[in-house]
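# Examining the three-dimensional arrangement
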Amino acid sequence: GDNDGVFQLESGGISNFAKEMKPENIEDLTVISAMYRPGPMDEIPTYVHNRKNPESIVYPDPRMKDVLGVTFGVMVYQEQVMKLCQVLAGYTMGQADGVRKIMGKKLADKLPIEKQRFIYGWEDPEGKKSIEGVLKRGMTLEAAEKLWGQMEKFGSYAFNKAHACAYSFVTYQTAYMKTYHITEFYTAIINNRITKSDELTHYMGLARQHDIKILPPDINKSQAYFSVEDDHLVRYGLGGLKGVGVGLVEELVAEREKNGEFKNLYDFINRMGHEARSEERRVGKECR
């Protein structure tokens, strides 16, 4: 449940789903990413139950097990809708992809036509590959109507597996970094939000909850961004100070690295003031 900062798993709802599911590998993360969408998410309780109790899964048609068995009887990916059209109704791959497009693009005027084809079949007048339909291939009308309704609702918001897997790969990477390199992980998160004061404060607070100490800003030690000084020690980045831009701090750091640490306030003003005046003169010459 400690998913703060982990890609795709930060929000309360999807974090709760992950806690219920207890993912063990990237395949499980792919399911989470695909199912937490408006269409498939209604089936999350069913998926979680079936995963824990696979013996309770009932398939309206035994052929569906070959398609949905890997996801415990629940449609999770667009490819599964396409495969069901092929296995149950006799669609070609191209025809099945057409169903995916119709559902995905919410082409309401074409859905009733496709439903008729799926259930009752279709003879192409131009002699192309006909569709037998699920009734001719052994499914009852009641089961067919119910299945089409599930497919239609699911398909309008579903992910394809490659898309979900790409998301889950980043989820896996961020979870790994948080587990094994937590100081660097939170430092990177904080730097990503360095110009957003509310989020900066939020993630600094989370870092402290993990016993990461945020050292105060220091004119001679801080970089423009937050930096790791030691395990569980992070130095505040001067670019995170309100009203101080990252560009100005980078000039400050460059001066410090070139000519050594600032000895006192006068030294700082003298050296940085000179840099500022030189820049002003340079810009003025270019304008002329």
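A short tour of the structure in this document, coming up. Predicted, not measured: the structure shown is a model, and the values here were computed from it. (Residues numbered from 1 in each chain as written. Predicted model: local features only at pLDDT ≥ 70, side-chain atom pairs only at ≥ 80, totals over all residues. Heavy atoms only, no water.)

To continue, consider the sheet that holds strand 3 (residues 233–235). Sheet strands associate in pairs through backbone hydrogen bonding, adopting either a parallel or an antiparallel arrangement. If you trace the three strands from one edge of the open sheet to the other, you get 1-3-2, paired in mixed fashion. What marks the edges here is a single partner per strand, and that holds for strand 1 (213–215) and strand 2 (227–230). Strand-to-strand, the axes of this sheet are offset by a mean angle of 35°, without reference to chain direction. In this structure, strand 2 lies alongside strand 3, joined through three bridges in antiparallel fashion. Residue Val228 lies in a different strand from strand 3, and its bridge partner there is Val234. Sheet strands touched by helix 10 (residues 182–192): strand 2 and strand 3. Its angle to strand 2, the strand with the most contacts, is close to 155°. (Pairing = 2+ DSSP bridges. Helix = DSSP H or I, 4+ residues; strand = E, 2+ residues; numbered from the N terminus. Axes fitted to C-alpha atoms, helices over the stretch in contact; angles between N-to-C directions. Contact = heavy atoms within 4.5 Å.)

Looking at the secondary structure, you find Asn191 in helix 10. If sequence neighbours within four positions are ignored, Asn191 has contacts with Tyr225 and Phe226.

An ideal rise of 1.5 Å per residue puts 16 Å on twelve residues; helix 5 (residues 78–89) measures up with 16 Å between its terminal C-alpha atoms. Along helix 5, the residues classified as buried are Gln78, Gln80, Val81, Met82, Leu84, Cys85, Leu88 and Ala89. Directly after helix 5, the chain includes Gly90, whose backbone phi takes a positive value near 85°. (Expected span 1.5 Å × (residues − 1). Buried < 20%, exposed > 50% of the residue type's maximum accessible area, 1.4 Å probe, protein only.)

The subject of this paragraph is the nonpolar core. Of all hydrophobic cores here, the largest spans 30 residues; its most connected members are Leu84, Phe118, Leu147 and Met151. Discounting chain neighbours no more than four positions away, the residues touching Met151 are Met75, Val81, Leu84, Cys85, Met103 and Phe118. Of all hydrophobic cores here, the second largest spans 19 residues; its members include Met21, Ile44, Val74 and Phe159. (Core = buried A, V, L, I, M, F, W, Y, C linked by side-chain atoms within 4.5 Å.)

Turning next to a nonpolar patch on the surface. Nonpolar side chains collect at one region of the surface, where Phe7, Ile26, Phe169, Val170, Tyr172, Tyr176, Met177 and Tyr180 lie side by side and expose about 740 Å² of accessible area between them. The element best represented in the nonpolar patch is helix 9 (residues 161–180), accounting for six residues. On the secondary structure map, Tyr172 appears in helix 9. (Patch = residues over 30% accessible without salt bridge, like charges linked within 9 Å, V, L, I, M, F, W, Y side chains within 5 Å. Areas by Shrake-Rupley, 256 points an atom, 1.4 Å probe, with all protein chains shown as cover. Salt bridge = Lys/Arg side-chain N within 4 Å of Asp/Glu carboxyl O.)

Moving on: the side chain of Ser227. In this structure, Ser227 sits in strand 2. Non-local contacts of Ser227, meaning those with residues more than four positions away in its chain, are made with Thr187, Leu233, Val234 and Arg235.

Before going further, it helps to spend a moment on the packing of helix 10 against helix 11 (residues 197–209). The N-to-C vectors of helix 10 and helix 11 enclose an angle of 170°; their axes lie 9 Å apart at closest approach. Here helix 10 lies roughly antiparallel to helix 11, going by the angle between them. Residues Tyr186, Ile189 and Ile190 of helix 10 touch helix 11, and the partners they reach there are Leu200, Tyr203, Met204, Leu206 and Ala207. Split by residue class, the contact of helix 10 with helix 11 holds eight nonpolar, no polar and no charged. (Parallel < 35°, antiparallel > 145°, perpendicular 65-115°, else oblique. Nonpolar A, V, L, I, M, F, W, Y, C, P; charged D, E, K, R; others polar.)

Purely geometric stuff here, so don't read any function into it on its own.
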